[in-house]
Amino acid sequence: VRGAAGPPWRERLRSVGLEALALRRGESLTPAEQRALAFCEAITAPQVRVLLLDEPLYLLPPELCGGVARTLRLWVSGDAPEPRVALVGTASVRDAPDLADDLTFLQGGRVVARTLATDAMAVATPARLFVATTEGDRLAAALAAESDVS
């Protein structure tokens, strides 16, 4: 994604609420800021159609979490020439409904429950929680279209 065509960096940072990082050098960023910057890089690159995210809100300061979740939802639902989907993994029942609409709970590598995000607390268990894409059929179509994904 680095070096890809797209909007100027300042505009990309502003679009996800990270414009304050524009004047900072990479080595001065905290691990949380580095994660936020990587998220910004992926979500603002025009050629990215599928995002696989593991714990996208982990380490982020609370003031950035809401913006990241909103930006992810807008990215998936926004107007784009190609469908875009995100598959997000998280162990946080609190964060899951902010990140996706459809949830799949796994434990020991097996699906133990599926539900809408609005019902997440009803099936929450100590199982590792994986948040499925907001558009499951779009994920399947996007992955099927990729020649190097089997």
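For clarity, every value in this text was computed on a predicted model and none was experimentally measured. Numbers given to residues run from 1 along each chain, matching the order in which its sequence is written. Predicted model: local features are reported for residues with pLDDT of at least 70 only, side-chain atom pairs are reported and counted for 80 or more only, and whole-chain, interface and lining totals are derived from all residues. Excluding hydrogens and water, the side-chain figures rest on all heavy atoms present in the structure.

Undergrad: For this particular structure, what's the right way to read the overall build of the chain?
TA: For helices the rule is a DSSP run of H or I covering at least 4 residues; for strands it is a run of E covering at least 2, with both sets numbered from the N terminus onward. Each helix and strand counted, the chain has six helices and five strands in total. For the chain, the N- to C-terminal ordering of α and β elements is α-α-β-α-β-α-β-β-α-β-α. Relative accessible area decides the class of each residue, using a 1.4 Å probe on protein chains only: under 20% of the type maximum gives buried, over 50% gives exposed, and in between gives partly exposed. Across the 150 residues in the chain, those meeting the buried criterion constitute 39%. In what follows, residue pairs with any heavy atoms lying within 4.5 Å of each other are defined as contacts. For the chain, the proportion of contacts with a sequence separation of at least 24, taken over those separated by at least 6, is 64%. Where accessible areas are quoted, they stem from the Shrake-Rupley method and a 1.4 Å probe; at the residue level, only the protein chains shown are allowed to cover. Only carbon and sulfur atoms are counted for the fraction: they give 56% of the accessible area of the chain, which is about 9,000 Å².

Undergrad: Where do I start with the side chain of Arg12 in this structure?
TA: Along the chain, Arg12 turns up in helix H1 (residues 9–15). Despite its burial, Arg12 pairs with no opposite charge; the closest candidate is Glu41, at 6.0 Å N-O. Under the convention used here, Asp and Glu are negative, Lys and Arg are positive, and both His and the chain ends fall outside the count. By definition, a salt bridge exists where a carboxyl oxygen of Asp or Glu is found within 4 Å of a side-chain nitrogen of Lys or Arg.

Undergrad: Explain the pairing of strand S4 (residues 110–116) to me, please; I cannot follow it from the model alone.
TA: Side chains on a regular strand alternate between the two faces of the sheet. In this sheet, S4 lies alongside strand S3 (residues 102–107) in antiparallel orientation, the contact comprising six bridges. Looking across to S4, one finds that Leu103 is bridged to Thr115. Two strands qualify as a pair provided DSSP detects at least 2 bridges between them. Hairpin connection, S3 to S4: the antiparallel pair is bridged by two residues, and Gly108 has positive phi, about 60°.

Undergrad: It is not clear to me how the packing of aromatic side chains should be interpreted in this structure. Could you clarify?
TA: In this description, a pair of aromatic rings is defined by centroid distance and the angle of the planes. Note on ring pairs: Phe, Tyr and Trp rings are taken, using the six-membered ring of Trp, and paired if centres are within 6.5 Å. Classes follow the plane angle, with under 30 degrees stacked, over 60 edge-to-face and the rest tilted. Applying the stated rule across the entire model yields zero aromatic pairs. It is Arg12 that lies over the ring of Trp9; its NZ or CZ is 4.6 Å from the centre. To sit over a ring, a charge needs its Lys NZ or Arg CZ within 6 Å of the ring centre and within 35 degrees of the ring normal.

Undergrad: What exactly am I supposed to notice about the pattern of salt bridges here?
TA: Under the criterion given, the structure shown has two salt bridges. Here Arg25 and Glu27 are joined by a salt bridge, their closest N and O atoms 2.7 Å apart. Neither residue differs from the other here; Arg25 and Glu27 are each classed as exposed.

Undergrad: What's the story with the confidence of the model for the chain in this structure? I'm lost.
TA: Keep in mind that low pLDDT regions are not for reading the predicted coordinates in detail. Residue-level confidence of the predictor, termed pLDDT, takes values from 0 up to 100. Averaged over the chain, the pLDDT score is 74; the fraction of residues at 70 or greater is 74%. Ranking the elements of the chain by mean pLDDT puts strand S5 (residues 128–131) last with 44 and strand S1 (residues 50–54) first with 87. The low-confidence segment residues 125–134 (pLDDT under 50) makes 52 contacts with residues lying over four places distant or belonging to another chain.

Undergrad: Teacher, can you tell me more about the nonpolar core here?
TA: For soluble globular proteins, nonpolar side chains are generally found buried alongside one another. What makes a nonpolar core is a set of buried Ala, Val, Leu, Ile, Met, Phe, Trp, Tyr and Cys residues whose side-chain atoms join them at distances within 4.5 Å. Membership of the largest hydrophobic core comes to 27 residues, with the highest contact counts inside it found for Leu18, Ile43, Leu51, Leu60, Leu72, Trp75 and Ala86. Contributing elements (two or more residues each) for this core: helix H2 (31–43), S1, helix H3 (62–77) and strand S2 (85–89). Every residue in contact with Leu60, bar those within four places of it in the chain, is listed here: Ala32, Ala36, Cys65 and Val68. Counting five residues, the second largest nonpolar core, distinct from the first, contains Ala96, Leu103, Phe105 and Ala113.

Undergrad: Help me out: how do you make sense of H2 in this one?
TA: If you check H2, its first and last C-alpha atoms are 18 Å apart, about what 13 residues at 1.5 Å a residue would give, namely 18 Å. Turning to H2, the residues buried within the fold contact H1, S1 and H3. To estimate how far a helix should reach, multiply one less than its number of residues by 1.5 Å.

Undergrad: Got a minute to help me understand the packing of H2 against H3 in this structure?
TA: To characterise two packed helices, one gives the angle between the axes of the helices and the distance between these axes. It is at 11 Å that the axes of H2 and H3 come closest, and there the two elements cross at 15°. By the angle between their axes, H2 is roughly parallel relative to H3. Of the two possible hands of crossing, H2 and H3 adopt the one that is left-handed. In this structure, H2 contributes Ala36, Phe39 and Ile43 to the contact, and H3 contributes Leu64, Val68, Thr71, Leu72 and Trp75. Put simply, Ala, Val, Leu, Ile, Met, Phe, Trp, Tyr, Cys and Pro go in the nonpolar bin, Asp, Glu, Lys and Arg in the charged bin, and everything else, Gly too, in the polar bin. The residue inventory of the contact of H2 with H3, partitioned by class, reads seven nonpolar, one polar and no charged. Where helices are involved, their axes are fitted lines through C-alpha atoms of the stretch in contact, as for all axes, and angles between N-to-C directions lie from 0 to 180°. What sets the label is the angle itself: under 35 degrees gives roughly parallel, over 145 gives roughly antiparallel, 65 to 115 gives roughly perpendicular, and the rest give oblique. Whether a crossing is left-handed or right-handed is set by the direction in which the near helix is turned from the far one by less than a right angle, anticlockwise for left-handed and clockwise for right-handed.

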